[in-house]
Amino acid sequence: MIFFSPALRYQPGGYCAHSKFESRVAKTEFVLLRPPSLRYTVAMAHDSDTGDCNGSPLCLTVDSSSISKAAQLLAAGRLVAFPTETVYGLGGDARNAESVAAIFAAKDRPSFNPLISHVADAEAAFALGQKTPLAMVLADAFWPGPLTLILHRQADCQIAMLTSAGLDRIALRVPAHEAARALLREFGGPVAAPSANPSGRISPSRADHVVNGLGDRIDLVLDGGPCESGVESTVVDCSGDKAVILRPGGVTREQISAALTKAGLTLVNNQADGSKQDMVSPGMMQSHYAPNCTLKMNVLTPSEGMELIGFGEVSGAGMLASTLSASGNLVEAAANLFDRLHAADATGASVIGVAPIPTTGIGEAINDRLSRAAAPRS
Ligand code: TXA
Ligand code: MG
């Protein structure tokens, strides 16, 4: 099978920086192109399987062998779509910035809206995010289930900064779907997963929706049949001393309020009482991405005292002389973006410069974030 793709789109088997890309997908095996030595043989769905997308070489009905394959792919940095009780998620290792960048690229997501990390149980969640009384009550009441908690990172949290779009707070969810839980147990780490649909399209509630929308951009779809709910999880900020619902979803406001009230805790009901929302979608908040010093974009030659972050042929300069990607790979650049900005900021330089980044593909998101960081502060 030959895929023709625009530059720098994630493709099955690796990242493609060229306009033409070849991948062999046979009925009984995947040949993964990066690294070339990796070769997975997968058992295909049988005629008796009850999944939605039998016949697609990308799609495997959930069983112990397909779960193992999916976990191996995640460990190799690949993307796997899997069912949850809400919608199908497009999963990648949440600790691996390159995998996370590949998720954004595969979805053509226009900006780095932070992603939810999925884990097998509450213990795994609180190893990554700092426990609060609010979080403990809600986790106890609604996990596993369609609830996402926003918590401060633990000091040793390994979730990539790109997963949380540069924020120090992370989103954690313990899904209830048995296939998702089995995958998370087998993988043994956090899986970043937005809904498995191209950006701006309808969320997928069946495996064939995923195959139709993203089939040429991912490595495997685990088919667990139709999702129960189809409505995404409720996102609740539990990082402070009052809970705030950032996104309504599968667990209702009434349910959350009742659980918290019973424990003597408070939900700030900022939609029902008409008050202004405390926190909007992080992707819209300019200051979130701003370093301490001034940031200049599209810099070709560093000025005196500037910490220049390079890209492609423009080399870095200053104390770190770092680059987003020496080879000019936008997916690699996206994966490195927040770490490079943090490191450059920590040098104490008065100005950070960033080399020009193309605006194609995931470059649009990189430029979006850079322009927010460079915007005048209020
Ligand atoms: O049901 C679901 O939640 C599905 C399944 C796959 O789990 N996932 C999903 O992901 O809907 P996504 O990427 O479409 O939505 C994530 C939401 C966004 O509204 C995002 O702004 C918010 O969670 N979010 C993620 N991390 C955040 C953070 N650190 N702080 C505040 N909001 C965050
Ligand atoms: Mg979504």
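Since the model is a prediction, treat every value here as computed from it, not as a measurement. (Residues numbered from 1 in each chain as written. Chains lettered and ligands numbered in written order. Predicted model: local features only at pLDDT ≥ 70, side-chain atom pairs only at ≥ 80, totals over all residues.)

### Some details on the overall build of the chain
And then number 1: In terms of regular secondary structure, the chain is built from nine helices and 20 strands.
And then number 2: Looking at the chain as a whole, 50% of its 378 residues are labelled buried.
And then number 3: Here the contacts in the chain between residues at least 6 apart in sequence split such that 65% fall between residues at least 24 apart. (Helix = DSSP H or I, 4+ residues; strand = E, 2+ residues; numbered from the N terminus. Buried ≥ 20, exposed ≤ 12 C-beta atoms within 10 Å, placed from the backbone. Contact = placed C-beta atoms within 7 Å.)

### Quick notes on the sheet that holds strand E19 (residues 306-309)
And then number 1: Here three strands make up an open sheet; going across it, the order is E18-E20-E19 and the pairing parallel. Either end of the sheet is taken by a strand with one partner, and the two such strands are strand E18 (294-296) and E19. On average, each strand axis in the sheet is inclined to that of its neighbour by 25°, with strand direction left out of account.
And then number 2: Where E18 lies against strand E20 (residues 351-354), three bridges are found, and the strand directions are parallel. By the bridge assignment, Leu295 is partnered in E20 with Ile352. (Pairing = 2+ DSSP bridges. Axes fitted to C-alpha atoms, helices over the stretch in contact; angles between N-to-C directions.)

### Some remarks on the site of ligand 1
And then number 1: Around ligand 1 lies a shell of 27 residues, among which Thr86, Gly89, Pro114, Ala171 and Pro194 are the nearest.
And then number 2: Elements with a minimum of two residues in the shell around ligand 1: strand E11 (147-152), strand E12 (169-173) and strand E16 (243-247).
And then number 3: For the shell around ligand 1, the element with the most residues is E12, which contributes four residues. (Near = placed C-beta within 6 Å.)

### Notes on the packing of helix H4 (residues 133-142) against helix H7 (residues 253-262)
And then number 1: Remark: H4 packs on H7, axes separated minimally by 10 Å, with the N-to-C direction vectors making an angle of 120°. One finds that H4 runs oblique with respect to H7. When you trace H4 past H7, the crossing you get is right-handed. Along its contact with H4, which presents Leu134, Val137, Leu138 and Ala141, the element H7 presents Ile256, Ala259 and Leu260.
And then number 2: For the contact of H4 with H7, the per-class residue count stands at seven nonpolar, no polar and no charged. (Parallel < 35°, antiparallel > 145°, perpendicular 65-115°, else oblique. Left-handed = near helix turned anticlockwise from the far one by under 90°. Nonpolar A, V, L, I, M, F, W, Y, C, P; charged D, E, K, R; others polar.)

### A few points about unusual backbone geometry
And then number 1: Look at the link from Trp143 to Pro144: it is a cis peptide, with omega at -5°.
And then number 2: Its place among the elements puts Pro144 in the loop between H4 and E11.
And then number 3: In this model, Asp108 sits at a positive phi of 55°, which is unusual for a non-glycine residue.
And then number 4: Given 18 C-beta atoms within a 10 Å radius, Asp108 is considered partly exposed.
And then number 5: Of note in the backbone geometry, Ala321 takes a positive phi value of approximately 45° without being a glycine.

### Things to note about the sheet that holds strand E17 (residues 267-268)
And then number 1: Overall, mixed pairing links the 11 strands, which are arranged E7-E14-E8-E9-E13-E10-E12-E11-E15-E16-E17 in an open sheet. The sheet terminates laterally at strand E7 (59-61) and E17, the two strands that pair on one side only.
And then number 2: Both strand E10 (residues 116-118) and strand E13 (residues 191-192) contribute to a ladder of two bridges, which runs antiparallel. In the strand pairing of E13, His118 is matched with Val191.
And then number 3: Contacts between H7 and the sheet are confined to strand E15 (234-237), E16 and E17, with E16 contributing the most and set at about 165° to the helix.

### With respect to the environment of Pro226
And then number 1: Inspection of the secondary structure assignment puts Pro226 in the loop between strand E14 (220-223) and E15.
And then number 2: A sequence separation of 138 residues divides Pro226 from Tyr88, and the C-alpha atoms of the two residues are 9.0 Å apart.
And then number 3: Non-local contacts of Pro226, meaning those with residues more than four positions away in its chain, are made with Ser205 and Arg206.

### Thoughts on the nonpolar core
When a protein is soluble and globular, its nonpolar side chains tend to lie buried together.
And then number 1: Counting residues in each nonpolar core, the largest one holds 110 residues, and the members touching the most others are Leu162 and Ala334.
And then number 2: With nine residues, helix H8 (residues 330-346) is the largest single contributor of residues to this core.
And then number 3: Split by domain, the residues of this core number at least three in each of domain 1 (44-223) and domain 2 (285-374).
And then number 4: Excluding its chain neighbours within four sequence positions, the residues that come into contact with Ala334 are Ala101, Phe104, Leu162, Ile362, Ala365 and Ile366. (Core = buried A, V, L, I, M, F, W, Y, C linked by C-beta atoms within 7 Å. Domains from an automatic or database assignment.)

### Observations regarding the packing of helix H1 (residues 64-75) against helix H5 (residues 178-187)
And then number 1: Running from amino to carboxyl end, H1 crosses H5 at an angle of 50°, the nearest separation of the two axes being 9 Å. Classified by the angle between their axes, H1 and H5 sit oblique to one another. Here the hand of the crossing between H1 and H5 comes out right-handed. Taking contact as the criterion, the partners of Ile67, Ser68, Ala70, Ala71, Leu74 and Ala75 in H1 are, on H5, Ala182, Leu183, Glu186 and Phe187.
And then number 2: Of the residues assigned to the contact of H1 with H5, the class counts are eight nonpolar, one polar and one charged.

### Things to note about the confidence of the model for the chain
And then number 1: When pLDDT is averaged along the chain, the result is 81, and 79% of the positions lie at 70 or above.
And then number 2: Note that pLDDT drops below 50 for residues 271-281; the model gives that stretch 11 contacts with residues more than four away or on any other chain. (pLDDT = per-residue confidence, 0-100.)

### Structural notes on the environment of Asn367
And then number 1: By secondary structure assignment, the location of Asn367 is in helix H9 (residues 363-374).
And then number 2: Here the alpha-carbon distance between Asn367 and Ile357, two residues 10 residues apart in the chain, equals 6.9 Å.
And then number 3: Excluding anything up to four places from it in sequence, Asn367 contacts Ile357 and Thr359.

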